[in-house]
Amino acid sequence: IGASKGRVPREPYFETPLIPAGYAFSIWSVIFLGMIASAAYWCFPSQKDNQLFKALGWNLFLTYLGIDTWALLALGLFKYWYILGTVFLFTLFFVIKALFIMADYKQWDRTSNILVWFPISLLAGWCNAACLLNWAPIIIHQDLINRDVLYVFWLLMLAGSATYCTKRTNGNKAYAGTICWALIAIAVANLTADNAKTYLAVISGVGVLY
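None of these values were measured; they are calculated from a predicted model.

**Student:** What is the right way to look at the overall build of the chain in this model?
**Tutor:** When helices and strands are tallied, the chain shows seven helices and zero strands. When the helices and strands of the chain are listed from N to C terminus, the series reads α-α-α-α-α-α-α. Here the chain, with 210 residues, has 45% of them falling under the buried criterion. Put simply, of all contacts in the chain between residues at least 6 apart along the chain, 77% involve residues at least 24 apart. Of the roughly 10,900 Å² that the chain leaves accessible, carbon and sulfur atoms contribute 68%.

Dropping the structure here:
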């Protein structure tokens, strides 16, 4: 997952203008490094009775389980995208719950901000964007409504959910920045595409500014 998206088998069914430019997926490398550092920090004897870690425990375990399951399924079940989308929906629920738990926690110090708040916020932001993008092909290929309308609606859903979560978590810059990263990559992908959908690029740009 941390590598180029080109290493995962591609299916025409999955190809939509809502897929970010390839470079966007490099954020997984930062997320993985952050989570490794966070896990190491949690192993310190001084953190044994940390109430925040106890509150986050099961939520993060189920989040990581969802991500690992998605990665394994993506290699063999890429045609059954609704399964992958469901797994990511499961993952999103628990990582956003962890994000809200952190937002309500008051005893933050500089180390915890760097090793706990920052990587989990990045993970939550990317899962938020990825969850909607994982479900996009399922809705788009039903042909129930004009696809251009669906593209716009999907981006508005991403912007709306991101705005709510950002405000709910006291203006979380790391989370919001990750959403912006995804939106910018969607804009770049559409500006450089052979059949560029400029309006998608513009909407993504407006979402970033908002």
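**Student:** Is there a simple way to explain the packing of aromatic side chains in this structure?
**Tutor:** To describe a pair of aromatic rings, one takes the distance between the centres and the angle between the planes. Scanning the model with the defined rule gives eleven aromatic pairs in all. The interplanar angle of 85° and the centroid separation of 5.4 Å between the aromatic rings of Tyr23 and Trp181 together place this pair among those described as edge-to-face. In this pair, Tyr23 is assigned in the segment before helix H1 (27–42) and Trp181 in helix H6 (residues 173–192), connecting sequence segments 158 residues apart. Given a relative accessible area of 32%, Trp181 falls into the partly exposed group. Both rings, one in Phe25 and one in Trp126, keep their centres 5.8 Å apart while their planes meet at 80°; by these two values the pair is edge-to-face. Pair noted here: Phe25 is in the segment before H1 and Trp126 is in helix H4 (residues 110–140), with a separation of 101 residues, a long-range link. With respect to burial, Phe25 and Trp126 carry one shared label: buried. Clustering of aromatic rings is evident, with ring pairs tying together Tyr41, Trp42, Phe44 and Phe53. Across the ring face of Phe100, the terminal group of Arg168 is positioned such that the distance to the ring centre comes to 4.6 Å.

**Student:** Explain unusual backbone geometry to me, please; I cannot follow it from the model alone.
**Tutor:** Positive phi outside glycine occurs at Asn170, with the angle close to 60°. Within the element layout of this structure, Asn170 appears in the loop between helix H5 (147–168) and H6. What makes Asn170 exposed here is its relative accessible area of 60%.

**Student:** Honestly, the confidence of the model for the chain in this entry has me stumped. Any pointers?
**Tutor:** Detailed reading of the predicted coordinates is not advisable wherever pLDDT falls low. Chain-level pLDDT for the chain is 77 on average; 70% of the residues reach the 70-or-more range. Per-element confidence in the chain is highest for H1, whose mean pLDDT is 91, and lowest for helix H7 (residues 198–209), whose mean pLDDT is 59. Note that residues 1–9 has pLDDT below 50 and, in this model, 22 contacts with residues that lie over four places away or in other chains.

**Student:** Would you mind going over the nonpolar core with me for this structure?
**Tutor:** One broad rule of soluble globular proteins: the nonpolar side chains tend to lie buried together. Counting 48 residues, the largest nonpolar core has Ile31, Leu56, Ile96, Met102, Val116, Trp126 and Tyr175 as its most contacted members. For this core, the secondary structure elements donating two or more residues are H1, helix H2 (51–76), helix H3 (81–104), H4, H5 and H6. Among residues more than four places away in sequence, those in contact with Tyr175 are Ile96, Leu99, Ser121, Ala124, Gly125, Asn128, Ser161, Ala162, Cys165 and Thr166.

**Student:** Quick question: what am I supposed to make of the side chain of Gln47 here?
**Tutor:** In this structure, Gln47 sits in the loop between H1 and H2. Contact partners of Gln47, with chain neighbours within four places excluded, come to Tyr41, Trp42 and Phe53.

Conventions adopted
- Residues numbered from 1 in each chain as written.
- Predicted model: local features only at pLDDT ≥ 70, side-chain atom pairs only at ≥ 80, totals over all residues.
- Heavy atoms only, no water.
- Helix = DSSP H or I, 4+ residues; strand = E, 2+ residues; numbered from the N terminus.
- Buried < 20%, exposed > 50% of the residue type's maximum accessible area, 1.4 Å probe, protein only.
- Contact = heavy atoms within 4.5 Å.
- Areas by Shrake-Rupley, 256 points an atom, 1.4 Å probe, with all protein chains shown as cover.
- Phe/Tyr/Trp six-rings, centres within 6.5 Å; stacked < 30°, edge-to-face > 60°.
- Lys NZ or Arg CZ within 6 Å of the ring centre and 35° of its normal.
- pLDDT = per-residue confidence, 0-100.
- Core = buried A, V, L, I, M, F, W, Y, C linked by side-chain atoms within 4.5 Å.

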